[in-house]
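Survey of secondary and tertiary structure
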Amino acid sequence: MTMIATPIDESSMPDARLVREIVQPGLLGLMDGSVSTLAPLFATANLTGSPRAAFFVGLAAAVGAGISMGFAEALSDDGRVSLRGKPWVRGAITGIGTALGGMFHTLPFLIGNLSTAMTAAYVVVVIELVAIACIRYRYMRSALWRTVVQVIVGGAIVFFIGLWLGRYAAGA
């Protein structure tokens, strides 16, 4: 059976260009930054017991991931075929989104007490994941329940791996 692609009628979508060129790269960055920095941050916090060490590992992970994701997005295509806009603009949006996504739950580790910092970071992670799900719902037209489950399950897997690795290493 031959499948023929049907062109998308962008006139029925709320500013498809905005979604394609700004929202999607920003969302990609927020999702990557929020999820990819969880494991090193919480593993470090549990392994060292030091909020300061966790903060600097989270900072390094957020900035490093932001630079990496920014270049990856900028170099992925030139935007002519995909109609995704200027590559360096997308790269900058993705990189900044990634760094911010990684920093939000890193900032609580500026608190000197590890237990308080961890509790605050847990709350921030939940807020981040729900915000990402809401953005996906609003701009990507995903079913809200499905996007909440996808984002929270993905984030929870990475989060618990980080906690487990930190506790395992601290006890080894």
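Before reading on, note that the structure itself is shown above.
In this report, the structure presented in the accompanying data block is examined. (Residues numbered from 1 in each chain as written. Predicted model: local features only at pLDDT ≥ 70, side-chain atom pairs only at ≥ 80, totals over all residues. Heavy atoms only, no water.)

Moving on, we come to the side chain of Glu73. By the secondary structure assignment, Glu73 is in helix 3 (residues 51-76). With a relative accessible area of 6%, Glu73 lands in the buried category. Residues within four places of Glu73 in sequence aside, it is in contact with Leu28, Arg84, Arg90, Gly91 and Thr94. (Helix = DSSP H or I, 4+ residues; strand = E, 2+ residues; numbered from the N terminus. Buried < 20%, exposed > 50% of the residue type's maximum accessible area, 1.4 Å probe, protein only. Contact = heavy atoms within 4.5 Å.)

With that settled, the discussion passes to the environment of Ala45. Along the chain, the position of Ala45 falls in helix 2 (residues 38-48). Judged by its relative accessible area of 0%, Ala45 falls in the buried class. Between the alpha carbons of Ala45 and Leu110 there is a distance of 12 Å; along the sequence they are 65 residues apart. Those residues in contact with Ala45 that lie beyond four places of it in its chain are Ser50, Ala54, Phe109, Leu114 and Met118.

As a further point, take the pattern of salt bridges. Following the criterion strictly, the structure yields six salt bridges and no others. Across the pair Arg90 and Glu73 runs a salt bridge whose closest N-O atoms are separated by 2.7 Å. One end of the pair, Arg90, is in helix 4 (residues 87-104); the other, Glu73, is in helix 3, and 17 residues separate them in sequence. Arg90 gets classed as buried once you look at its relative accessible area, which sits at 1%. Salt bridges here are not isolated pairs; linked through shared partners, they connect Glu73, Asp77, Arg84 and Arg90. (Salt bridge = Lys/Arg side-chain N within 4 Å of Asp/Glu carboxyl O.)

None of this, on its own, says anything about what the molecule does.
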